[in-house]
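A closer look at the structure
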Amino acid sequence: MDDEIPENFFISEEYKEFTEDIGGIQQKFYALPAASTDYDLTGQVLWPGAKHLALYIRDHQELIKDKIILEVGSGSGLCGLFCSHYASKTILTDGNDIVMRLLDLNKSFGKNVEIAWVEWSDSDPGKDLRIKGLPERYEVVVGTDVVYWSNSIVPLFKTMDSLLEDRGRFIMCYTLRAMNTYRDLLRLSAECGYRNKVLWNEESTYIFEFDRQ
Ligand SMILES: C[S@@+](CC[C@H](N)C(=O)[O-])C[C@H]1O[C@@H](n2cnc3c(N)ncnc32)[C@H](O)[C@@H]1O
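These remarks concern the structure in this document. What you see is a predicted model, and the numbers here were worked out from it, not measured in a lab. (Residues numbered from 1 in each chain as written. Predicted model: local features only at pLDDT ≥ 70, side-chain atom pairs only at ≥ 80, totals over all residues. Heavy atoms only, no water.)

The next thing to look at is the overall build of the protein chain. For the protein chain, the helix and strand inventory stands at 6 helices and 9 strands. Against the globule reference of 17 Å for 213 residues, the protein chain gives a C-alpha radius of gyration of 17 Å, in line with a compact fold. When each of the 213 residues of the protein chain is scored for burial, the buried share is 47%. Summarising the internal contacts of the protein chain: among those between residues at least 6 apart in sequence, 63% fall at separations of at least 24. About 10,600 Å² of surface is accessible on the protein chain, with carbon and sulfur atoms providing 47% of the total. Averaging the coordinates of the 23 positive side-chain charges in the protein chain and doing the same for the 35 negative ones gives two points 8 Å apart. (Helix = DSSP H or I, 4+ residues; strand = E, 2+ residues; numbered from the N terminus. Rg over C-alpha atoms; globule rule 2.2 N^0.38 Å. Buried < 20%, exposed > 50% of the residue type's maximum accessible area, 1.4 Å probe, protein only. Contact = heavy atoms within 4.5 Å. Areas by Shrake-Rupley, 256 points an atom, 1.4 Å probe, with all protein chains shown as cover. Lys, Arg positive; Asp, Glu negative; His and termini not counted. Charge placed at Lys NZ, Arg CZ, Asp CG, Glu CD.)

It is worth spelling out unusual backbone geometry at this point. Backbone geometry places N112, a non-glycine residue, at a positive phi of 50 degrees. Looking at where N112 falls in the secondary structure, it is placed in the loop between α3 (97-106) and β5 (113-117). Residue E203 is not a glycine yet carries a positive backbone phi of 50 degrees. Along the polypeptide, E203 turns up in the loop between β8 (194-202) and β9 (205-212).

Moving on: the side chain of D211. Among the structural elements, D211 can be located in strand β9. Exposure remark for D211: the relative accessible area of 16% places this residue in the buried category. Here R195 takes part through its side chain, which lies 2.7 Å from a polar atom of the side chain of D211. Residues within four places of D211 in sequence aside, it is in contact with G168, G193, Y194 and R195. (Polar contact = N/O pair within 3.5 Å; in protein donor to acceptor, adjacent residues only side chain to side chain.)

Here it is in structure tokens:
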């Protein structure tokens, strides 16, 4: 009997179409209804930060209006897709192949959306942007629920060094799940040269703006 587990045994790409009401605006996207694997496929499901930041942006459209916006760790891309209705162009990015296929499905739910592979690191995270002829630096980068393990914080801020214009801002929705990760976020982002401002906070949800000190 062949008892080997097939390579894709734990991976599902059976996406369902969802519609989120973002302050009266209906944003469609595909996602899995629930996470079901041991792999790092967190991006196949919608995380709460995406809707929080989309709602914040609905009320503060001036942050992104008519700008070219890049989203890091897009997952299903809800927040970036919502931004695309106000931005002049939106680039959804992720560092996972399977999530990139989901973004390829979802990009048609936004306006003038492109996708690119951006894996957080200090070694040329913008390579795919360059290959695709997309801008390598941005005035505004957004990200939602992209910090949940402390070891991703430094690579994420090193990536910001590559992606942000000199006076660029990284607007990030963070959900506090562990106090030590929260403290690490504040400490390590500052050690990487970024100051933070809390734009909005309710219970365990924070919308931070990071820029270079
Ligand atoms: C928790 S999910 C959040 C997805 C989406 N932003 C949301 O709020 O629904 C984190 C996302 O970050 C991506 N990610 C994690 N580590 C990454 C890395 N080192 N480089 C690029 N993307 C990464 C994952 O593939 C996933 O899509």
